Amino acid sequence: MPVETFDALTPAFPHLDALILNGIGEPLLHPHLEDLIKKAKADMPAGAWVGFQTNGMLLDASRAASLVNAGLDRICLSLDAVSREGFRTIRQGGEMSGIESAFSALDRARKSQRDLRIGIEFVLMRDNVRELPDAIRWAAHHGAAFALVTQVLPYHPSVASQAAYDTNTAGANAVYTLWKEKAKNEDLDIRRYFDIFMKFSKSPEELKICSFVEQMKNDAKSRDIALHLERLLLRDDAWFESVEQVFAEARQTAEEEGIELALPEISPRNSRRCEFVETGSAFVSWEGDVHPCYFLWHRYRCYVGGWEKQVRPWVFGNLRDNDILGIWNTPPYRTFREDVLRYQFPFCFDCSFALCDYVQGEDFEQDCHIQAVPCGACLWCTGLFRCLQ
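Residues numbered from 1 in each chain as written. Predicted model: local features only at pLDDT ≥ 70, side-chain atom pairs only at ≥ 80, totals over all residues. Heavy atoms only, no water.

Trainee: So what about the pattern of salt bridges? Which residues, and what values?
Mentor: One pass over the structure, following the stated rule, counts 21 salt bridges. With its nearest N and O atoms 2.7 Å apart, the salt bridge here joins Lys 180 to Asp 237. Here Asp 237 lies in helix 12 (residues 237–257) and Lys 180 lies in helix 8 (residues 170–184), a separation of 57 residues in the sequence. Here Lys 180 matches Asp 237 in class, with each residue buried. The salt bridge involving Glu 278 is made with Arg 273; its shortest N-O contact spans 3.6 Å. Arg 273 sits in the partly exposed class, given a relative accessible area of 35%. Linked through salt bridges whose partners overlap, the residues forming this network are Asp 166, Lys 180, Arg 235 and Asp 237. (Salt bridge = Lys/Arg side-chain N within 4 Å of Asp/Glu carboxyl O. Helix = DSSP H or I, 4+ residues; strand = E, 2+ residues; numbered from the N terminus. Buried < 20%, exposed > 50% of the residue type's maximum accessible area, 1.4 Å probe, protein only.)

Printed below as a string of structure tokens:
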């Protein structure tokens, strides 16, 4: 981001709770990062903070001191594994020794000059989920005060299989678990349903299985919860039980080590909350475009539950043409925020047909509810993804 573009944000600084200097890429590569922090801190109210997330590879003692002198309040280092081989695999080109050096430099800078809140971000994947408790313990022993854990958002098909979360909603899983256990109590396995439901002639046992599934569907309907039967009955129950056990161990470790832990959901929440719109956030990209959130700030494809979702950026103005407060208060941007907060757009992960053509393509115009809010397939508001906020 050019300094001139950053300067156009100045009218907002006196009103901010937080300024987070993140996008795609490494913040420490910005040649004027400390200058930007100083400028913002000079105008921000007392108690407001500036922070960013980093891989830590450029953090030595000199850089850590300059960041602290500039007024940096919060820094979050990427730590997705603590085994050296695991770290090399996930962070190609990186070494655990680099993270150790970064933590050491930050700890010295913090002790010698001012308070600095240091944390880690752990991106949860199938290959590293069992390292989470050890990562929390390691971070606490190296001076971290908090740990953010987020599910992975695959940007390439090759990474899609690494997703450690469920695409069935928490409500659907609760209904499924209830009826699976009821059937089990009668020595029945409802997961056999797709093998038998089309049979013309069914055994008494098979009729009972079909009856349990119908009761399950009716129960879900009475609770206004949609079931995607195929995804539910093929669900890897053992895997998600193991993730729950890891989360329980992570919570216990965090409590023992005195570190603040923010865990993601394992399944999408049925009740949505957009943390970006609810908290009055905006995302300003490097060229000065103003976007509503992380999800809608750039063009990309992501892969969720075997689906490809194409996303295009939603832009409400550019700082070349209007200042940030002017863009924030334009009618289209105000209407967008109001529409999001009503949550009347569809929830694609509580739908047995998703992802449909209404929301899947990049050329989104309206959804199946005739709403022009492109948020139906967003998983940020379900608690699966977390970031520095």
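Trainee: Give a detailed account of the packing of helix 8 against helix 10 (residues 204–222), specifying residues and quantitative values.
Mentor: One way to put it is that helix 8 packs onto helix 10 with a least axis distance of 10 Å and a crossing angle of 150°. Put simply, helix 8 runs roughly antiparallel to helix 10. Seen from above, helix 8 lies across helix 10 with right-handed handedness. Of the residues in helix 10, those touching helix 8 at Val 175, Tyr 176, Leu 178, Trp 179, Lys 182 and Ala 183 are Phe 212, Gln 215, Met 216, Asp 219 and Ala 220. Here the contact of helix 8 with helix 10 is built from residues that sort into eight nonpolar, one polar and two charged. (Axes fitted to C-alpha atoms, helices over the stretch in contact; angles between N-to-C directions. Parallel < 35°, antiparallel > 145°, perpendicular 65-115°, else oblique. Left-handed = near helix turned anticlockwise from the far one by under 90°. Contact = heavy atoms within 4.5 Å. Nonpolar A, V, L, I, M, F, W, Y, C, P; charged D, E, K, R; others polar.)

Trainee: Which residues make up helix 15 (residues 331–342), and what values go with them?
Mentor: Helix length check: helix 15 (twelve residues) gives 17 Å between terminal C-alpha atoms against 16 Å at 1.5 Å per residue, within 8%. Burial in helix 15 covers these residues: Tyr 333, Phe 336, Arg 337, Asp 339 and Val 340. Within helix 15, the buried residues cover an arc of 165° as seen down the axis, which keeps them to one side. Tyr 343 sits one or two residues past helix 15 and shows a positive phi near 55°. (Expected span 1.5 Å × (residues − 1). Arc of directions from axis to C-beta.)

Honestly, that's just the spatial picture; any functional story needs more than this.
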